[in-house]
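One letter stands for each residue in the lines below.
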Amino acid sequence: MTAAAGAARAQERPAEFNPDEIVTSGHKFFGAISRGLAEAIESATRKWGRPNGYILGQEASGAFIGGLRYGEGVLYTRNAGQLKVFWQGPSLGFDAGADGARTMMLVYNLPSTSAIFNRFGGVAGSAYLVGGFGLTALAMDDIVVVPIRSGVGARLGVNVSYLKFTPTSTWNPF
């Protein structure tokens, strides 16, 4: 494949995944909490339709009023291949705790794989001790990213935050 053909393929709008494909991939990734994952995916599919990409990865976060989140994973698309991505971002709110999580992010309306490299903002809330499972939604223009997290730690609060996706790892959350 020539470089021009590879670049053109990366700019194609990724095709959509059906909910069963996402659930199967999630079962393999999350393991034992599959029922909660299936319910979260069904809820997201009812609200936003079928995703045309998803990210599987892991992340860590901590907060005391202000917080930080860092993660890494792989963006999967049906017709534009796979892409390693990193994310980081600050949060601000009534929020305290720390956690580590396996994360699946459903990506809706992604026009090309390079469009993931932006900031996606939203509001998040969490309440758990020892472990938890949660779903939030972040948006930028028409693109919606829905992180589904399963992790361990202790967290309580509500915050406003954004995630910045980058092609390389960085400590700068801004």
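Keep in mind that this is a model prediction, so the values were computed, not measured. (Residues numbered from 1 in each chain as written. Predicted model: local features only at pLDDT ≥ 70, side-chain atom pairs only at ≥ 80, totals over all residues. Heavy atoms only, no water.)

Draft legend 1. Spatial organisation of the overall build of the protein. Assigned secondary structure in the protein consists of 3 helices and 5 strands. Counting all 174 residues of the protein, 46% fall into the buried class. A separation threshold of at least 6 residues defines the contact pool for the protein, and within that pool the share at least 24 residues apart is 72%. (Helix = DSSP H or I, 4+ residues; strand = E, 2+ residues; numbered from the N terminus. Buried < 20%, exposed > 50% of the residue type's maximum accessible area, 1.4 Å probe, protein only. Contact = heavy atoms within 4.5 Å.)

Draft legend 2. How the structure looks around the pairing of strand β1 (residues 53-76). With 23 bridges connecting them, β1 and strand β2 (residues 82-108) associate as antiparallel partners. Bridging from a neighbouring strand, G67 pairs with S91 of β2. Between the antiparallel neighbours β1 and β2 lie 5 residues, among them G81 with a positive phi of about 85 degrees. (Pairing = 2+ DSSP bridges.)

Draft legend 3. Spotlight on the packing of aromatic side chains. The full count for this structure, using the stated rule, is 6 aromatic pairs. An aromatic cluster of at least three residues, connected via ring pairs, comprises F17, Y54 and Y76. (Phe/Tyr/Trp six-rings, centres within 6.5 Å; stacked < 30°, edge-to-face > 60°.)

Draft legend 4. Here's a closer look at the environment of T24. Looking at the secondary structure, you find T24 in helix α2 (residues 19-30). By relative accessible area, which is 41% here, T24 ends up partly exposed. Separated by 14 residues in sequence, T24 and A38 have C-alpha atoms that sit 9.0 Å apart.

Draft legend 5. Spotlight on the pattern of salt bridges. Enumeration over the complete set of coordinates arrives at 6 salt bridges. Here E59 makes a salt bridge to R69, at a shortest N to O gap of 2.7 Å. Accessibility classification places E59 together with R69 in one group, the buried group. Among the salt bridges present, the one from R155 reaches D95, with a minimum N-O distance of 2.8 Å. In this pair, R155 is assigned in strand β5 (residues 143-166) and D95 in strand β2, connecting sequence segments 60 residues apart. A single salt-bridge network, built from bridges that share partners, covers E59, R69 and R149. (Salt bridge = Lys/Arg side-chain N within 4 Å of Asp/Glu carboxyl O.)

Draft legend 6. Main features of the environment of V160. Relative to the helices and strands, V160 resides in strand β5. Residues V160 and A124, spaced 36 residues apart in sequence, show a C-alpha to C-alpha distance of 6.4 Å. Excluding residues that lie within four positions of it along the chain, V160 makes contacts with P90, S91, L92, G122 and V123.

Draft legend 7. View of unusual backbone geometry. In the Ramachandran plot, I65 falls in the positive-phi region, its phi being about 70 degrees despite a non-glycine side chain. You can see I65 is positioned in strand β1. Its relative accessible area of 48% is what places I65 among the partly exposed residues. Even without a glycine there, the phi angle at D141 is positive, about 55 degrees.

Draft legend 8. Molecular detail of the side chain of R155. R155 gets classed as buried once you look at its relative accessible area, which sits at 5%. A polar atom in the side chain of R155 sits 2.8 Å from the side chain of D95. Of the polar contacts made by the side chain of R155, one reaches the side chain of D99; its length is 3.4 Å. What R155 contacts, discounting residues up to four positions off in sequence, is S61, G62, A63, R69, D95, A96, G97, A98, D99, S126, A127 and Y128. (Polar contact = N/O pair within 3.5 Å; in protein donor to acceptor, adjacent residues only side chain to side chain.)

Draft legend 9. Broad picture of the environment of G66. Turning to its location among the elements, G66 is positioned in strand β1. A C-alpha to C-alpha distance of 8.2 Å links G66 and F94, two positions 28 residues apart in sequence. In this structure G66 touches S91 and L92, once residues within four positions along its chain are discounted.

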